[in-house]
Amino acid sequence: MKNALLTCCVLPLLLTSAAQAGINGIYNVRGTETNDGEKLTFFGTVTVSKYKTGKYSLKFSNGDAGTIRFPFNKLLKDNSPTQTVTFSSSQFSGSATFKNVNGLYKVQFTYKEKGEPISGSGSGSK
């Protein structure tokens, strides 16, 4: 009974850790955006799902917030030292470089809003 209870309590924690292993998951990021000459800072998250989609959820120093969802141009891979992907949607384009440094995943990214003088860049880790 003791082993069954232990398995019941510990197994979900192990599975959660395994689900966050690899390149998929949530990265905490910070960066800057230039909006028509005005420079803003931001913090937030970059979420990578199924090796092929990304979502930027950012909160800006002026109180605004925004979310950008997009597919990458190619599938990401676990355990690759460095890989760069690009994305393009009807509103935004950009790129993201993922690095695996001793099992710690880091991201650097840029984005630009199409038809507007808005661009940004940031970095963070998981």
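Coordinates for the structure precede this section.
Residues numbered from 1 in each chain as written. Predicted model: local features only at pLDDT ≥ 70, side-chain atom pairs only at ≥ 80, totals over all residues. Heavy atoms only, no water.

Chemist: Teacher, can you tell me more about the side chain of Asn100 here?
Modeler: Within the fold, Asn100 resides in strand S6 (residues 92-101). At 3.0 Å, the side chain of Asn100 forms a polar contact with the backbone nitrogen of Gly103. Aside from chain neighbours lying at most four places away, what touches Asn100 is Asn79, Ser80, Pro81 and Tyr105. (Helix = DSSP H or I, 4+ residues; strand = E, 2+ residues; numbered from the N terminus. Polar contact = N/O pair within 3.5 Å; in protein donor to acceptor, adjacent residues only side chain to side chain. Contact = heavy atoms within 4.5 Å.)

Chemist: Where do I start with the sheet that holds strand S1 (residues 25-35) in this structure?
Modeler: To summarise the sheet geometry, strands pair through backbone hydrogen bonds and adopt either a parallel or an antiparallel arrangement. Pairing within the open sheet is antiparallel, and its eight strands lie in the order S4-S3-S2-S1-S8-S7-S6-S5. For this open sheet the edge positions go to strand S4 (65-71) and strand S5 (82-88), each flanked by a neighbour on one side alone. Averaged over all pairs of adjacent strands, the angle between their axes in this sheet comes to 20 degrees, without regard to strand direction. The pairing of S5 with S6 spans seven bridges and is antiparallel. Note on S6: the bridge partner recorded for Val85 is Ala96. (Pairing = 2+ DSSP bridges. Axes fitted to C-alpha atoms, helices over the stretch in contact; angles between N-to-C directions.)

Chemist: Can you help me understand the nonpolar core in this one?
Modeler: Looking at soluble globular proteins, one finds that nonpolar side chains tend to be buried together. Judged by nonpolar contacts, the single largest core of 23 residues is most densely connected at Tyr27, Tyr56, Phe98, Phe109 and Tyr111. Counting only elements with at least two residues in this core, the list comes to S1, strand S2 (38-49), strand S3 (53-60), S4, S5, S6 and strand S7 (104-113). Setting aside anything within four residues of it in sequence, one finds Tyr27 in contact with Gly44, Thr45, Val46, Val48, Phe98, Tyr105, Lys106, Val107, Ser125 and Lys126. (Core = buried A, V, L, I, M, F, W, Y, C linked by side-chain atoms within 4.5 Å. Buried < 20%, exposed > 50% of the residue type's maximum accessible area, 1.4 Å probe, protein only.)

Chemist: What is the right way to read the environment of Thr45 from this model?
Modeler: Within the element layout of this structure, Thr45 appears in strand S2. For Thr45, a relative accessible area of 23% corresponds to the partly exposed category. Sequence-wise, Thr45 and Lys59 are 14 residues apart; in three dimensions their C-alpha atoms are separated by 9.2 Å. Contacts of Thr45, omitting those with residues within four sequence positions, involve Ile26, Tyr27, Asn28, Val29, Lys55, Tyr56, Ser57 and Leu58.

Chemist: Can you help me understand the packing of aromatic side chains in this one?
Modeler: Geometry of an aromatic ring pair is reported as the spacing of the ring centres plus the angle between the planes. As enumerated under the stated definition, the model contains 12 aromatic pairs in all. For the pair Phe70 and Phe87, a centre-to-centre distance of 3.8 Å together with 15 degrees between the ring planes defines the contact as stacked. Remark: Phe87 occurs in strand S5 and Phe70 occurs in strand S4; sequence separation between them is 17 residues. Geometrically, the ring pair formed by Phe72 and Phe98 is edge-to-face, given 6.2 Å between the ring centres and 80 degrees between the ring planes. Of this pair, Phe72 sits in the loop between S4 and S5 while Phe98 sits in strand S6, and the two are 26 residues apart along the sequence. Put simply, the rings of Tyr27, Phe42, Tyr56, Phe60, Phe70, Phe72, Phe87, Phe92, Phe98, Phe109 and Tyr111 pair up and form one aromatic cluster. (Phe/Tyr/Trp six-rings, centres within 6.5 Å; stacked < 30°, edge-to-face > 60°.)

Chemist: What's the story with the pairing of strand S8 (residues 118-125) in this structure? I'm lost.
Modeler: Strand residues, when the strand is regular, have side chains that alternate between the two faces of the sheet. Of the two faces of S8, only one is covered, namely that formed by Ile118, Gly120, Gly122 and Gly124; the face formed by Ser119, Ser121, Ser123 and Ser125 stays uncovered. The sheet contact formed by S1 and S8 spans eight bridges and is antiparallel. If you follow Val29 over to S8, its bridge partner there is Gly124. Here seven bridges tie S7 to S8, and the two strands are oriented antiparallel to one another. Along S8, the bridge assignment pairs Gln108 with Ser123. The hairpin formed by S7 and S8 contains four residues between the paired strands, and Gly115 there has a positive phi angle of roughly 75 degrees.

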